[in-house]
Amino acid sequence: MSLSMQDRLKRRKLDALKRGVHRVTDDDPVPLATHVVGIGKAGAAAIAGIVQGLEPGAAKLRALAIDIGDQDLTALRALAETISPERAEVTTIALEMPPAIAMFDVLADYDTFLRLEYPNYRWPGNPVPWLPQSAYVPDTRQHHERAVAKAIYGYAYYAGTRPLERALRAFAASIDAERAQALVAVIFGMTGGTGSGIVVDLARHLSNGLFGRRTLVVGIGVAPCDGDGQTDGRLFSVLSELDVLCDENKNRGVVTSCGEMFRNPFTAGFVILPQQHIWLATKDLAETNHRVDTAIAALMTSGRGTHMWELLRLLNWVAAPSTQHSAARTPWGPQWIHMLGFTDTPDPALRASLGLLPSFHPEFIEIRVADADANHAAIVDSIQSTFAPDVPPQVVNGGKSASAQFILPRLAKTDLAKFYHSREAYNMEDEEQRLLDHSLLLDQGIELCEPSTQLEGMAGASLAGASGWVAVPLQDIHGPPVVSAPLLMPV
């Protein structure tokens, strides 16, 4: 029986990965460099771990940490002062909250800023600010909703002396000046209002604007755990917004209706780091966060940064040289999520504790372990029996001692149990809270996860005074109905 073209390409891909086509060798003609933007508390903590994990001889790290207020940046700033400037350059930006009058004056004129930034696009205009007056309380010490964080970002990027625009421009210019293949990781907490509220605009400005899509940008989102205490529907909006960026088919719909500036900014893909399995083992939030930061640091710094490049080459495999830009890769479609898993012991319940549903089946898993680990064989066997990839897992050296780190490629949002939990929570929220859960497209007067007020069956409700729309079916945003009771169980 002859194989289909799709099956033949899949076989070629798996054979090439088993041969190590994605490996970084000393023969690579151009140096590799990795840099990072960290947003919110999770992003700042990740940068601290990366700085502490830098290996001798690694390329200089450039890092930019952005948060609302200064309370979660102080420790990072102190750490940065202890690092040689030849090894790392760390910049921290504490966004201020202007008085309400100043903020709403800027929001009322937001479409003017966008027209100046993108003069070739006809903005639909939204004369009414997307943010309710009651939702904005100028206090940097409190929790911020996503829609509020977006407004604070916009004020710092567009208004006055534009401190955030200047910081991003300087960061991009310093990377462009390097004679190296550069990669920028944008790290944030997926249910933190600050990180998830800012990331979609920041990634757009950095990747599609300042870098002109010349530099690879990868998104790294830290998934929530039960210890976070965040049980609202924000995650549903976050996943939905990332979905219309990272799924090529949905992104074409957004670009068609909203313009080229909304082309997927994550040119190197998107990686999720789970926390729930560590929380279940420790029931200690600080220890859980520290373990995740350790995993991020190991990925970004091990092998002087080459492990991160090997991961992206693995994920972006095409029938072409492994150095080819990811824009030429085979499309992921709805399976745009890649999960960076890690475990310290064999765990027969690993799939459930990672929050993955039975619908997920990987083609290929690569597992990194430390050379001296005596128990890595048991961990590898556990991963093999849990996920049963199409080919046996590939085991390579270079992981954290007494642990295993692995990548689970090509998940859909509907493979995540928390997608369904957050969707249920979102549907139970009132109208104003659902608005505050959003960020992407609010400046166009569009609330993505609500039914379109312009086209029946499509997504994207128009806010007051606006007429925007999104060429994405609402069913594709909300996903299928829950078909089995276990999906509603806590994970």
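Reading the values: the criteria
- Residues numbered from 1 in each chain as written.
- Predicted model: local features only at pLDDT ≥ 70, side-chain atom pairs only at ≥ 80, totals over all residues.
- Heavy atoms only, no water.
- Disulfide = S-S within 2.5 Å.
- Buried < 20%, exposed > 50% of the residue type's maximum accessible area, 1.4 Å probe, protein only.
- Pairing = 2+ DSSP bridges.
- Helix = DSSP H or I, 4+ residues; strand = E, 2+ residues; numbered from the N terminus.
- Axes fitted to C-alpha atoms, helices over the stretch in contact; angles between N-to-C directions.
- Contact = heavy atoms within 4.5 Å.
- Core = buried A, V, L, I, M, F, W, Y, C linked by side-chain atoms within 4.5 Å.
- Expected span 1.5 Å × (residues − 1).
- pLDDT = per-residue confidence, 0-100.
- Phe/Tyr/Trp six-rings, centres within 6.5 Å; stacked < 30°, edge-to-face > 60°.
- Lys NZ or Arg CZ within 6 Å of the ring centre and 35° of its normal.
- Salt bridge = Lys/Arg side-chain N within 4 Å of Asp/Glu carboxyl O.

*Asks:* It is not clear to me how the state of the cysteines should be interpreted in this structure. Could you clarify?
*Replies:* Should the sulfur atoms of two cysteines be covalently bonded, the bond is a disulfide. Applying the stated criterion across every chain yields a total of zero disulfides. Here C246 stays unpaired: no disulfide links it, and the sulfur of C449, its closest cysteine neighbor, is 14 Å away. Judged by its relative accessible area of 3%, C246 falls in the buried class.

*Asks:* Is there a simple way to think about the sheet that holds strand β5 (residues 216–222) in this case?
*Replies:* Hydrogen bonds between backbone atoms are what pair the strands of a sheet, whose relative direction is either parallel or antiparallel. Read from one edge to the other, the open sheet built from 10 strands follows the order β3-β2-β1-β4-β5-β6-β7-β10-β8-β9, with strand pairing classed as mixed. Every interior strand has two partners, whereas the edge strands, β3 (88–95) and β9 (394–397), have only one. The sheet shows a mean angle of 20 degrees between the axes of neighbouring strands, taken without regard to direction. The pairing of β5 with strand β6 (residues 270–273) spans four bridges and is classified as parallel. Bridging from a neighbouring strand, V222 pairs with L273 of β6. Contacting β7 (337–343), β8 (366–369), β9 and β10 (404–411), helix α15 (residues 376–387) runs over the sheet at an angle of about 15 degrees to β10.

*Asks:* Sorry if this is basic, but what is going on with the nonpolar core here?
*Replies:* General note: in soluble globular proteins, nonpolar side chains tend to be found buried as a group. Counting 153 residues, the largest nonpolar core has V37, L131, L202, L206, F387 and L408 as its most contacted members. Of the residues forming this core, the biggest block, nine residues, is contributed by helix α6 (residues 146–158). In this view, V37 contacts I47, L64, I66, F171, V184, A185, V186, I187, L202 and L206; residues no more than four positions away in its chain are not counted.

*Asks:* Is there a simple way to think about helix α9 (residues 234–246) in this case?
*Replies:* Residues three or four positions apart in an α-helix share a direction because the helix packs 3.6 residues into each turn. With 13 residues, α9 ought to run about 18 Å at 1.5 Å a step, and its terminal C-alpha atoms sit 18 Å apart, in line with that. Taken across its 13 residues, α9 has 13 buried, putting it largely inside the fold.

*Asks:* Which parts of the structure should I look at to understand the confidence of the model for the chain?
*Replies:* Interpreting fine coordinate detail is not advised for predicted regions of low pLDDT. In this model, the chain carries a mean pLDDT of 87, and residues with pLDDT of at least 70 account for 90%. pLDDT under 50 marks residues 318–328. Its contacts with residues more than four places away, or in other chains, come to 17 contacts. Low pLDDT, under 50, characterises residues 485–491; the predicted model gives this stretch 15 contacts beyond four residues in sequence or across chains.

*Asks:* Where do I start with the packing of aromatic side chains in this structure?
*Replies:* To describe a pair of aromatic rings, one takes the distance between the centres and the angle between the planes. Applying the stated criterion across every chain, the model contains 14 aromatic pairs. Ring plane angle 50 degrees and centroid distance 5.0 Å describe the contact between F236 and Y426, whose orientation is recorded as tilted. Residue F236 is found in helix α9, and its partner Y426 is found in helix α16 (residues 417–428); the two are separated by 190 residues along the sequence. Through a chain of ring-to-ring contacts, three or more aromatic side chains come together here, namely Y110, F113, W130, Y153, Y157 and Y158. Across from the ring centre of W130, 5.7 Å away, lies the NZ or CZ of K150, which sits over that ring.

*Asks:* Can you help me understand the pattern of salt bridges in this one?
*Replies:* Opposite charge on two side chains makes pairing possible when the charged atoms of those side chains draw close. In total, this model carries 23 salt bridges according to the counting rule given. One salt bridge connects D443 with R204, and the closest N-O pair in it is separated by 3.8 Å. On the criterion of sequence distance, the pair formed by D443 in the loop between α17 (431–436) and β11 (446–451) and R204 in helix α8 (residues 193–210) is long-range, its members being 239 residues apart. Like R204, D443 is buried. For the salt bridge of E260 with R263, the shortest nitrogen-to-oxygen distance reads 2.7 Å. Residue classification places R263 among the partly exposed positions, given a relative accessible area of 30%.

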